[in-house]
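Coordinate analysis (summary)
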Amino acid sequence: MEQEKKRVYTAIQPTNNLTIGNYAGTIRSWRALQSDYDCIFAVANMHALTVRQDPSVLRARTQSLVALYLACGVDPAQTIVYVQSHVPCHAELCWALNTVTYVGEMERMTQFKDKSAKHADNINMGLMDYPVLMAADILLYKADLVPVGEDQRQHLEIARDIAQRFNNLYSPTFTVPEGLFGKVGAKICDLQDPVKKMSKSCENPNSSVFLTDDKDTIMRKFKRAVTDSDSQVRYDPAAKPGVSNLLSIYSVFADKSIEESEKQFRGVGYGDFKLAVGEAVANRLAPIQSEQAKLLADKSYLDGVMKDGAERAQAIARKTLSKVYKKMGLYQI
Ligand code: ATP
Ligand code: LTN
């Protein structure tokens, strides 16, 4: 008998434009994962509400993120692609899990502290509850593996803790998920401050390369990228963070190992090296951008993908939620 495939689940928030960090840390692996795993890729629009959003922009970005998933090779016939708010079970399980999560644990989350500092005028309950909603996302689908970038490691850890705690308090219910972190590209850094993670919400326009940037913009940003006063293209993140970050980017976008890339640029000056990194990024992004634009022109097709995905996701999620309610003693009719 054919063994059942393991399940992969991940999501991205439709906030700001995505960067090459988001691509390197997660999306680029999705196409290949589809052949070995049962995959579910979501657009986490309810998570996006934890910081202020312009409603019409959020709506447009949700659609555009679905189109990006497909443009990056996600096949909706095989994989479930859906929008979080279309499956009410997420909010429902989040509530149930809130009752097995401690306030102290949430207050200690790095992202909560960072975002509270950044949005001091809007430290809302949702921002604090963010990791519980993320745990609900993952646990509803009994995911085995969760491909994310390094910055999500702590959230994944708390999702595992919540799953284990629930299983111990009630009875085995949830699969305890494992994170899936890439060897290269799990943390792409800011081009201007290469010890910081490249973020889609960074204010300096030269810090991040967006997936929507055209070739001229990409080349300009790489030309301005911070390096060092040495002249060797060598991978050494502690001593040479800027150059190492560029090597990681090159290695992801040119599909080469770090060693191969180092060898290729031995003796090459920083100026030419940066041009090559920019070219590799622009060449990889061009077909994705044109496919995404094509998909965005066909709104009814995209709506159909979201509708079908939501129905398939809801069927799985409802089963888990109903089990949870039963175990917790919520009266069912
Ligand atoms: P924001 O800056 O608005 O918090 P973000 O850029 O961190 O957003 P998310 O939506 O939080 O983006 O992340 C989506 C996915 O991309 C996650 O799996 C995350 O780990 C990954 N990711 C984000 N930034 C990077 C990065 N610089 N390098 C590698 N992976 C990243
Ligand atoms: N918090 C994640 C996005 C996210 C997610 C998830 C990732 C929401 N729900 C479930 C994996 C699994 C982030 O990348 N900022």
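Conventions and cut-offs
- Residues numbered from 1 in each chain as written.
- Chains lettered and ligands numbered in written order.
- Predicted model: local features only at pLDDT ≥ 70, side-chain atom pairs only at ≥ 80, totals over all residues.
- Heavy atoms only, no water.
- Near = heavy atom within 4 Å.
- Polar contact = N/O pair within 3.5 Å; in protein donor to acceptor, adjacent residues only side chain to side chain.
- Areas by Shrake-Rupley, 256 points an atom, 1.4 Å probe, with all protein chains shown as cover.
- Helix = DSSP H or I, 4+ residues; strand = E, 2+ residues; numbered from the N terminus.
- Nonpolar A, V, L, I, M, F, W, Y, C, P; charged D, E, K, R; others polar.
- 1 Å grid on protein atoms, 1.4 Å probe; cavity = no way out; pocket = protein on both sides within 12 Å on 5 of 7 lines; lining within 4 Å.
- Points joined across faces, edges and corners; volume = space filled by probe spheres on them.
- Core = buried A, V, L, I, M, F, W, Y, C linked by side-chain atoms within 4.5 Å.
- Buried < 20%, exposed > 50% of the residue type's maximum accessible area, 1.4 Å probe, protein only.
- Contact = heavy atoms within 4.5 Å.

1. As for the site of ligand 1
Around ligand 1, 22 residues are found, and the nearest of them are G149, D151, I188, K197 and S199. M198 has a polar backbone atom sitting 2.9 Å from a nitrogen atom of ligand 1. Burial of ligand 1 by the surrounding chains reaches 96%, relative to a free accessible area of 610 Å². For the shell around ligand 1, the leading source of residues is helix α1 (residues 20–25), giving three residues. Here the shell around ligand 1 is composed, by residue class, of five nonpolar, 12 polar and five charged.

2. Some thoughts on empty space enclosed by the protein
Applying the stated criterion to the full structure yields one cavity of 30 Å³ or more. Here the largest cavity is characterised by a volume of approximately 30 Å³. Every residue lining the largest cavity is listed: L68, L211, L285, I288, Q289 and Q292. For the lining of the largest cavity, the leading source of residues is helix α13 (residues 270–296), giving four residues. Grouping the amino acids of the lining of the largest cavity by side-chain chemistry returns four nonpolar, two polar and no charged.

3. Focus: the nonpolar core
One finds I20, Y69, F222, I249, F253 and V281 to be the most contacted residues of the largest nonpolar core, which totals 53 residues. It is α13 that contributes the most residues to this core, nine residues altogether. Setting aside its immediate chain neighbours within four residues, F253 contacts I20, Y23, A280, V281, R284 and L285.

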